[in-house]
Amino acid sequence: MLSRTIANILPYMPKKLIWIFSKRYIAGETVEDGLRASRELNSQGIEVTIDLLGEFIRHPEQAEENKRRYMDLMERFTSSGVSGNFSVKPTMLGLLIDHEICYGHLRELVEKAALRNNFIRIDMEDSQCVESELNIFRRLAAEFPGHVGLVLQAYLRRTMDDLVSLSKLPAPAPNFRLCKGIYVEPPHVAYKDYQEIREHFLEDLEFILKNNIYVGIATHDKYLVNGSFELLKKYRTPRDRYEFQMLYGVTPELRHFIVAQGHRMRVYVPFGKDWFNYSTRRLKENPKIASHIIKALFVREQNRRITPEKHSES
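Everything in this summary refers to the structure shown in the same document. (Residues numbered from 1 in each chain as written. Predicted model: local features only at pLDDT ≥ 70, side-chain atom pairs only at ≥ 80, totals over all residues. Heavy atoms only, no water.)

## Focus on the overall build of the chain
Tallying secondary structure elements over the chain gives 12 helices and eight strands in all. On the chain, roughly 15,500 Å² of surface is accessible, and the fraction owed to carbon and sulfur atoms is 52%. (Helix = DSSP H or I, 4+ residues; strand = E, 2+ residues; numbered from the N terminus. Areas by Shrake-Rupley, 256 points an atom, 1.4 Å probe, with all protein chains shown as cover.)

In structure tokens form, the structure reads like this:
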């Protein structure tokens, strides 16, 4: 309860305070930071997804600028030989301002990815965005098959129906990233019970594997990792038909365990100056981390007080 209270308060604190939490989960603010983190992961046999931070913009000019930044990113990362693809949030490209403007920007990005034999993952956002994001995905998947994928959130009550519908798309089969979901939604939109969400995750995953759809199994939950292992074995899924996915800085021990078992792993590498909203969502997702932040603050303050005394002794 204390950790959750702290988690709810911290987003209103100064950004320097939140950065104590954030620096573990964000590669940095610059393209160079993203490249450095990506190369390090590649050296460990781990692929990456590049995630430029920013969302829910208010002006069309921001959407145009974000598209340009992504175009530049794709050029920089592909020319640098990084083994990875790109994740894009549609609200960063103006989804809530003008659906068609957003579609146009995303189409340019997917077209560029296709020309470079790369891939764009359309990230899924809160429930107000889901239908629009599904529609954009359908349009782009028809024009650029194999070069665009989608995120699905197991905690949404609609997800199985969406899976059934999307599984009927023409070949090649879609490419999904399946995660639990993080946005705060009302009970009629999303399941709330923790174990219930877990069971729906595995139910969705089973449907995906049964239908031979490529999937990124995105979880840091050991229960779901073990459940995924069982389903992969049950359906004798070839290792080139799935991968595990994790977020940068989260459960590295579990990540190493999965890689050691011979499974393909991809890590989302977020970076950029607009890191604050991403960080506070991570904090709300795992309130226990808040206690570590408070401990870090006390240690830093203790060291600050001790240091002058040491200088005076010398």
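## Some points on the nonpolar core
Residues L140, L150, F176 and F244 are the most contacted members of the largest nonpolar core, which totals 77 residues. Aside from chain neighbours lying at most four places away, what touches L140 is Y103, L106, R107, V110, I122, P145 and V148. (Core = buried A, V, L, I, M, F, W, Y, C linked by side-chain atoms within 4.5 Å. Buried < 20%, exposed > 50% of the residue type's maximum accessible area, 1.4 Å probe, protein only. Contact = heavy atoms within 4.5 Å.)

## Some thoughts on helix α7 (residues 159-166)
Every buried residue of α7 is listed here: T159, D162, L163 and L166. Each buried residue of α7 lies within a common arc of 100° when the element is viewed along its axis, so the set occupies one face. On its buried face, α7 is in contact with α6 (127-143), β4 (148-153), β5 (175-179) and α8 (194-210). (Arc of directions from axis to C-beta.)

## Description of the layout of surface pockets
Here the second largest pocket defines a volume of roughly 530 Å³. Lining the second largest pocket are 30 residues, and of these F119, G146, H147, V148 and N175 sit closest to its centre. If you list the elements that add at least two residues to the lining of the second largest pocket, you get β2 (84-88), α6 and β7 (242-247). With four residues, α6 is the largest single contributor of residues to the lining of the second largest pocket. Considering only residue class, the lining of the second largest pocket consists of 13 nonpolar, nine polar and eight charged. (1 Å grid on protein atoms, 1.4 Å probe; cavity = no way out; pocket = protein on both sides within 12 Å on 5 of 7 lines; lining within 4 Å. Points joined across faces, edges and corners; volume = space filled by probe spheres on them. Nonpolar A, V, L, I, M, F, W, Y, C, P; charged D, E, K, R; others polar.)

## Section: the packing of aromatic side chains
What the rule picks out here adds up to six aromatic pairs. Both rings, one in F77 and one in F271, keep their centres 6.2 Å apart while their planes meet at 25°; by these two values the pair is stacked. Of this pair, F77 sits in helix α4 (residues 60-79) while F271 sits in strand β8 (residues 265-271), placing them 194 residues apart in sequence. Of the two residues, F77 and F271, neither departs from the other in class, the shared state being buried. Ring plane angle 90° and centroid distance 6.2 Å describe the contact between Y242 and F244, whose orientation is recorded as edge-to-face. The exposure class of Y242 is buried, given its relative accessible area of 2%. Since its relative accessible area comes to 1%, F244 is described here as buried. An aromatic cluster is built from F229, Y242, F244 and F257, whose rings are joined through pairwise contacts. (Phe/Tyr/Trp six-rings, centres within 6.5 Å; stacked < 30°, edge-to-face > 60°.)

## Some thoughts on the pattern of salt bridges
Scanning the model with the defined rule gives 22 salt bridges in all. Its salt-bridge partner being R139, residue E100 comes within 2.9 Å of it at the nearest N-O pair. With E100 in helix α5 (residues 99-115) and R139 in helix α6, the pair connects residues that are 39 residues apart, well separated along the chain. A salt bridge links E206 to K234; the nearest nitrogen and oxygen atoms lie 2.8 Å apart. Of this pair, E206 sits in helix α8 while K234 is found in helix α9 (residues 222-234), placing the two residues 28 residues apart along the sequence. Its relative accessible area of 55% is what places K234 among the exposed residues. (Salt bridge = Lys/Arg side-chain N within 4 Å of Asp/Glu carboxyl O.)

## Thoughts on the packing of α6 against α7
It is at 13 Å that the axes of α6 and α7 come closest, and there the two elements cross at 15°. Taken as axis vectors, α6 and α7 run roughly parallel relative to one another. For the crossing formed where α6 meets α7, the hand is right-handed. On α7, the residues that touch V130, L134, F137 and R138 of α6 are D162, S165 and L166. When the residues that make up the contact of α6 with α7 are grouped by side-chain class, the tally is four nonpolar, one polar and two charged. (Axes fitted to C-alpha atoms, helices over the stretch in contact; angles between N-to-C directions. Parallel < 35°, antiparallel > 145°, perpendicular 65-115°, else oblique. Left-handed = near helix turned anticlockwise from the far one by under 90°.)

## Description of the sheet that holds strand β6 (residues 214-218)
The strands that make up a sheet pair up through hydrogen bonds in the backbone, lying either parallel or antiparallel. Read around the closed barrel, the eight strands follow the order β1-β2-β3-β4-β5-β6-β7-β8; overall the barrel is parallel. Each neighbouring strand pair of the sheet contributes to a mean axis angle of 30°, computed without reference to strand direction. In this sheet, β8 lies alongside β7 in parallel orientation, the contact comprising four bridges. Note that in β8 the partner of M246 across the bridge is V267. Against the sheet, helix α3 (residues 31-43) touches β1 (47-52) and β8, its axis set at about 165° to β8. (Pairing = 2+ DSSP bridges.)

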